[in-house]
There are 4 protein chains.
Amino acid sequence: MINLSDNILKDTIQKRKTISHKGDFGKTLLIGSNANFGGAILMAAKATLLSGSGLTYTATDPNNVTAIHQYLPEVIATNYKQTDQLITLIHHVNVIVIGPGLGNSWFSLALLKQIFNHVSEQQVLIIDASAIDLIAKYDLNLPKAKTVLTPHQMEWQRLSGIKIVDQTPEANLKIVQQLHSVVVLKKHQTQIYTNQEIYNNLPGTPAMATGGSGDTLAGMIGGFTAQFNEKLNAILAATYLHTKIANDLAQTHYVVRPTQISENIPLYMQTIAQDN
Amino acid sequence: MINLSDNILKDTIQKRKTISHKGDFGKTLLIGSNANFGGAILMAAKATLLSGSGLTYTATDPNNVTAIHQYLPEVIATNYKQTDQLITLIHHVNVIVIGPGLGNSWFSLALLKQIFNHVSEQQVLIIDASAIDLIAKYDLNLPKAKTVLTPHQMEWQRLSGIKIVDQTPEANLKIVQQLHSVVVLKKHQTQIYTNQEIYNNLPGTPAMATGGSGDTLAGMIGGFTAQFNEKLNAILAATYLHTKIANDLAQTHYVVRPTQISENIPLYMQTIAQDN
Amino acid sequence: MINLSDNILKDTIQKRKTISHKGDFGKTLLIGSNANFGGAILMAAKATLLSGSGLTYTATDPNNVTAIHQYLPEVIATNYKQTDQLITLIHHVNVIVIGPGLGNSWFSLALLKQIFNHVSEQQVLIIDASAIDLIAKYDLNLPKAKTVLTPHQMEWQRLSGIKIVDQTPEANLKIVQQLHSVVVLKKHQTQIYTNQEIYNNLPGTPAMATGGSGDTLAGMIGGFTAQFNEKLNAILAATYLHTKIANDLAQTHYVVRPTQISENIPLYMQTIAQDN
Amino acid sequence: MINLSDNILKDTIQKRKTISHKGDFGKTLLIGSNANFGGAILMAAKATLLSGSGLTYTATDPNNVTAIHQYLPEVIATNYKQTDQLITLIHHVNVIVIGPGLGNSWFSLALLKQIFNHVSEQQVLIIDASAIDLIAKYDLNLPKAKTVLTPHQMEWQRLSGIKIVDQTPEANLKIVQQLHSVVVLKKHQTQIYTNQEIYNNLPGTPAMATGGSGDTLAGMIGGFTAQFNEKLNAILAATYLHTKIANDLAQTHYVVRPTQISENIPLYMQTIAQDN
């Protein structure tokens, strides 16, 4: 087991090349938010954008499109019910995040299957929230892609079959090895599992215990994997930075809004890059 | 009669346990805002969220759903006309706030009765604004729950039958004892009545005399009772902190927007918690 | 002719009585914004709210209702096509502002006539922008109310028949005396005309020369006349403060957004009130 | 080739005349944003408004109208499908920006042709993004107007037929001379081409490599050409200032949101004007 430290940020977040172009920093597509959970995609996309993804796309319930454009003018919003457009987008991007606010309706399930059918081996696919529950409930096989799962403990119980009290590193690792996925197991001290290794994140603050922290983390992992080549480092650095910012904000805030974390990402990233 | 002081904040707002989870800080459902009074639910929900409720849900006119998601991405917004979904939500949460912007239509009345039918003894039910008028007008019985009423003086006159000039502590207390409710009687110096006791709040600033102060207070009481076990203390502390923040802002602002009060809640709560 | 100075602010903006209630600070109804000019009512209402009107209502095209609730949760928004509701509101408030973004359609004309029919002698009626043009074009008689007209020079030309180059104080005053109105003639150095007197405002900054300055001024006059008893002083103080804040912001801003002026109103008012 | 320096800002951004009027600072119409790309027109219009255009109009997909009013109340929003209204607006303004978020549908093409038919020689017409691609794809002739094209390198390849690797100053200039247009060729170090001269901008920061930088630049050129008489200087100064602000923000931000650039325009312009 490896304890993460500020080094993971220094190893990952580099000064950008002087001559570069938005295409150099990746394209991320976030899919989620039914009509009731419209805020989740806003929070995830805000995190992706402010993490530095070159372009950020969303596919969501049509009721959420106006809100996205107004909340984040830099983000492109599409209706996730327009299948042709969605498939074109899937092939256009290098990172896909599915799950924030997706819900567990029949439509959500069909959409998830659609993504799994069209994603390719070179793409990073981050699977969060109700998308994880759908996989567990319908026993779906993960697609051939660089998959990242971001369950909290209860979602992991449903997916792995391991009860929360029995979620030891050894038991977890065994299931992770069957999944051929990176698993970000969210809890007070989040752990990141690969096939061979377990990484311990910073312990988190209870001020983050509010709706939307997970959506923000999924969006950050999207933004980091879109632009940084070392995918594992990108996942580790995003997870670490999410907690580090929240812990700092918790010095002065009894509760930390997830959107506040996102607003601080560019400032923290620049502090790290300029010292590198 | 007991005069509240900063001690009520210290007694109530504790450092959060290091290892905790959003479920530990309660689930609050706010019900209100017809199409004309769309801002009330936004203000109440902002106060609940920033008071630290683990999860914050709203049920409102469908015209308000997009506004809620965009204004408060952390909050879940549902259509209050979808009865099945609403009843599921009522059973899912531990605190319910009903009234901000609800209006006094036949639909509002039917909705209020629905809540009264489904709420349980373990739940906190905060009844505000037009919900109080509906109870007075249709002589509704309060349900078996931990009810909190938050009338201003005119609403209290309608509910209690006591004219404003006759609203003495003794007269008020007699009616409160019949209601088996905590009553937060809002006025220049708000009083909180229980079956046995009367608590005097800080005197308030006239800079708060603007639409939305009451919605914000109802939301704060929701957020505090959702996360703190001592329910009476939670009500007292929310009421006291609402006034304290407004009074401080009034040092520099001729009028204090209720949404400004909410934005300061996490900062004040942290100052108190870290000194504890 | 009287040159206004900071004294008009000191004479008007008093410390609020400690024991007071939102009803003590007036109720203002703003009517305007068709579907194309949706921003005007937002700017006017923001100014009214932040000037300290106890309650702020708007009646507008239904397409603007969601935007108002979200932009200004403290403000109540209604559909100006619902005639019964509108008439009830007119009788409910003490100040009415009509014109910002109203446009000059047949509907606008009908609406304006409706207001004129229902307004009463005790009410302040502020007439701005296209409402002034409609009066000029259709030769409407002003209603029996405390009317305030806020034309810029071209609107004044249309209404008074005096060409801009011929708009001397003497010529203007003659027409004002026929109108039995206060006229706020907006230009580089705005003048306020009553039946007997002419007041010169501060000269304004060219940084204010952008869409929305007038809507903001109309809203401020609404907020000031709603809460302060000396109606003429309220008009003079609102006009003076609008320019004073803009001039101060122009020290650091090449263009001053009208919404920035509004955000500063409570700070300026408090500075004045606490020195009184 | 001329290297631009801070002098272009001093030469262009003058103190405004004390006695002036919003009509003195021009009227800009921005046309763009289909339903998917709703954010582009918001970003472009924000830049135009904050650059100091006297009045800012937009014509866009009807789904975007509410978002514009709420995001930028100072801006007037119209439905670009209402042809009569659009043509009236075209004749009403002195600067037109077409392209941000326009897309390349048949409707986009028809709209572009409509603009080309109605624009006049005295007007500035800024052509950006997909509008450039449509010209290339359908081999459209540029209208008789003061046209400005703002392609990035790939759009320039499509329009000029010169592959990116072959885009030498000489080759580019030859095509520019055929177009009778000013061409702002966006890249790490943007170049501005006129018939006779090539101007080198400041090198830009990679922190700007995110969606929306181009929309913001097009909006700034709109705002500058609307108010400043020397049109070439206005274009050069807008381009230079856009990069200068972004470079400054990149000292502390790993990614710079285009909307942050816009928020800083009035502050930078005032610093320059007051030193003049």
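Residues numbered from 1 in each chain as written. Chains lettered and ligands numbered in written order. Predicted model: local features only at pLDDT ≥ 70, side-chain atom pairs only at ≥ 80, totals over all residues. Heavy atoms only, no water.

Taking an unreviewed UniProt entry as the reference, chain A is identified by name as ADP-dependent (S)-NAD(P)H-hydrate dehydratase belonging to Candidatus Gallilactobacillus intestinavium. In UniProt, chain A has this text filed under Sequence similarities (unreviewed entry): "Belongs to the NnrD/CARKD family." For chain A, the Cofactor (unreviewed entry) comment in UniProt is given as "Mg(2+)". (UniProt positions renumbered as here; feature names shortened; annotations may be inferred.)

Colleague: Help me understand the interface of chain C and chain B in this model?
Modeller: Bring the parts together and some accessible area is lost; that lost area is often taken as the interface size. Counting from both sides, the interface comprises 36 residues of chain C and, opposite them, 29 residues of chain B. In this assembly, chain C packs against chain B so that about 2,500 Å² is buried in total across both faces, 58% of it on carbon and sulfur atoms. Our enumeration of links across chain C and chain B arrives at 1 salt bridge. Here B:R257 and C:E74 are joined by a salt bridge, their closest N and O atoms 3.0 Å apart. In this assembly, chain C and chain B are joined by 12 residue pairs in polar contact (both at pLDDT 80 or more). Among the secondary structure elements, those contributing two or more residues to the side of chain C that touches chain B are α2 (38-51), α3 (65-71), β4 (76-79) and α11 (258-275) of chain C. For the side of chain C that touches chain B, the element with the most residues is α11(C), which contributes 6 residues. Of the residues in the side of chain C that touches chain B, the class split is 17 nonpolar, 15 polar and 4 charged. (Contact = heavy atoms within 4.5 Å. Buried area = accessible area lost by both parts, 1.4 Å probe. Salt bridge = Lys/Arg side-chain N within 4 Å of Asp/Glu carboxyl O. Polar contact = N/O pair within 3.5 Å; in protein donor to acceptor, adjacent residues only side chain to side chain. Helix = DSSP H or I, 4+ residues; strand = E, 2+ residues; numbered from the N terminus. Nonpolar A, V, L, I, M, F, W, Y, C, P; charged D, E, K, R; others polar.)

Colleague: What exactly am I supposed to notice about the UniProt feature "domain: YjeF C-terminal" (unreviewed entry) in chain A here?
Modeller: Mapped onto this numbering, the UniProt entry gives "domain: YjeF C-terminal" (unreviewed entry) at residues 5-272 of chain A. With 47% helix and 15% strand, residues 5-272 of chain A has its two end C-alpha atoms placed 13 Å apart.

Colleague: Got a minute to help me understand the confidence of the model for chain A in this structure?
Modeller: Low pLDDT means the predicted coordinates in that region are not meant to be read closely. Per-residue confidence for chain A gives a mean pLDDT of 96; residues scoring 70 or more make up 100%. Scored by ipTM, the complex comes to 0.94, with pTM at 0.96. (pLDDT = per-residue confidence, 0-100.)

Colleague: Looking at this structure, how should I read the relation of the copies chain D and chain A?
Modeller: The two chain copies are connected by a rotation around an axis plus a translation along it. Rotating chain D by 90 degrees about the axis while translating it 0.0 Å along that axis superimposes it on chain A, leaving an RMSD of 0.0 Å. These values place the two chain copies in the arrangement generated by a four-fold rotation axis. For chain D, the residue whose C-alpha comes nearest the rotation axis is D:A67, separated from it by 5.4 Å. Comparing interface residues between copies, only 7% of those in chain D also sit at the interface in chain A, which points to a heterologous contact through distinct surfaces. (Least-squares fit on C-alpha atoms with pLDDT ≥ 70 in both.)

Colleague: How should the packing of aromatic side chains be read in this particular structure?
Modeller: How two aromatic rings sit relative to each other is given by the distance of their centres and the angle of their planes. One pass over the full model with this rule turns up 12 aromatic pairs over all chains. With 4.8 Å between their ring centres and 50 degrees between their planes, A:Y80 and A:F107 make a pair best called tilted. Here A:F107 lies in helix α5 (residues 106-118) and A:Y80 lies in the loop between β4 (76-79) and α4 (83-92), a separation of 27 residues in the sequence. Given the relative accessible area of 4%, A:Y80 is considered buried. Classification of A:F107 as partly exposed rests on a relative accessible area of 30%. Ring plane angle 50 degrees and centroid distance 5.9 Å describe the contact between B:W106 and B:Y138, whose orientation is recorded as tilted. You can see B:W106 sitting in helix α5 (residues 106-118) and its partner B:Y138 sitting in helix α6 (residues 130-138), a full 32 residues away along the chain. Look at B:Y138 and you get partly exposed, because its relative accessible area is 29%. The residue whose ring lies beneath A:K81 is A:F107, and the NZ or CZ to ring-centre distance is 5.8 Å. The lysine or arginine in question, C:R16, covers the ring of C:F25, its NZ or CZ lying 3.6 Å from the ring centre. (Phe/Tyr/Trp six-rings, centres within 6.5 Å; stacked < 30°, edge-to-face > 60°. Buried < 20%, exposed > 50% of the residue type's maximum accessible area, 1.4 Å probe, protein only. Lys NZ or Arg CZ within 6 Å of the ring centre and 35° of its normal.)

Colleague: In this structure, what is going on with the interface of chain D and chain A? I would like to understand it.
Modeller: Counting from both sides, the interface comprises 29 residues of chain D and, opposite them, 36 residues of chain A. When residues of chain D are sorted by the area they lose upon contact with chain A, D:N36, D:Y254 and D:R257 head the list and together hold 31% of the total. Scanning the region where chain D abuts chain A turns up 1 salt bridge. Here chain D and chain A share 12 residue pairs in polar contact (both at pLDDT 80 or more) between them. Mapped onto the side of chain D that touches chain A, the elements with two or more residues apiece are α2 (38-51), α3 (65-71) and α11 (258-275) of chain D. The element contributing the most residues to the side of chain D that touches chain A is α2(D), with 5 residues. Grouping the constituent residues of the side of chain D that touches chain A by class yields 14 nonpolar, 14 polar and 1 charged.

Colleague: Could you clarify how one ought to interpret the relation of the copies chain C and chain B in this entry?
Modeller: The transformation that overlays chain C on chain B combines an axial shift of 0.0 Å with a rotation of 90 degrees, and the residual RMSD is 0.0 Å. Counting the interface residues of chain C, we find that no more than 6% of their copies in chain B are interface residues as well, pointing to two distinct contact surfaces.

Colleague: What is the right way to read the UniProt feature "binding site: (6S)-NADPHX" (unreviewed entry) in chain A from this model?
Modeller: Residue and element names in this part refer to chain A. Per the UniProt annotation, the sites labelled "binding site: (6S)-NADPHX" (unreviewed entry) are A40, G101, H152 and D215. With respect to the element layout, G101 can be found in the loop between β5 (95-98) and α5. The exposure class assigned to G101 is buried, which follows from its relative accessible area of 10%. Contact partners of G101, with chain neighbours within four places excluded, come to G32, S33, N34, F37, A40 and D215. Apart from residues lying up to four places away in sequence, H152 is in contact with L185 and K186.

Colleague: Can you help me understand α5(A) in this one?
Modeller: Structurally, the α-helix is built with 3.6 residues per turn, so residues lying three or four positions apart point the same way. All names here are of chain A. Between its first and last C-alpha atoms α5 spans 19 Å; for 13 residues at 1.5 Å apiece the expected length is 18 Å, and the two agree. For α5, every residue scored as buried is listed here: S108, L109, L111, L112, I115 and F116. Taken down its axis, α5 places every buried residue within 165 degrees of arc, on the same side. Seen from the buried face of α5, the exposed residues on the opposite side, beyond 90 degrees, are W106 and N117. Contacts made by the buried residues of α5 are with β2 (27-31), α4, β5, β6 (124-128) and α6 (130-138). Put simply, S105 is the residue that caps the front of α5, since its side-chain oxygen is 3.3 Å from the backbone nitrogen of F107. (Expected span 1.5 Å × (residues − 1). Arc of directions from axis to C-beta.)

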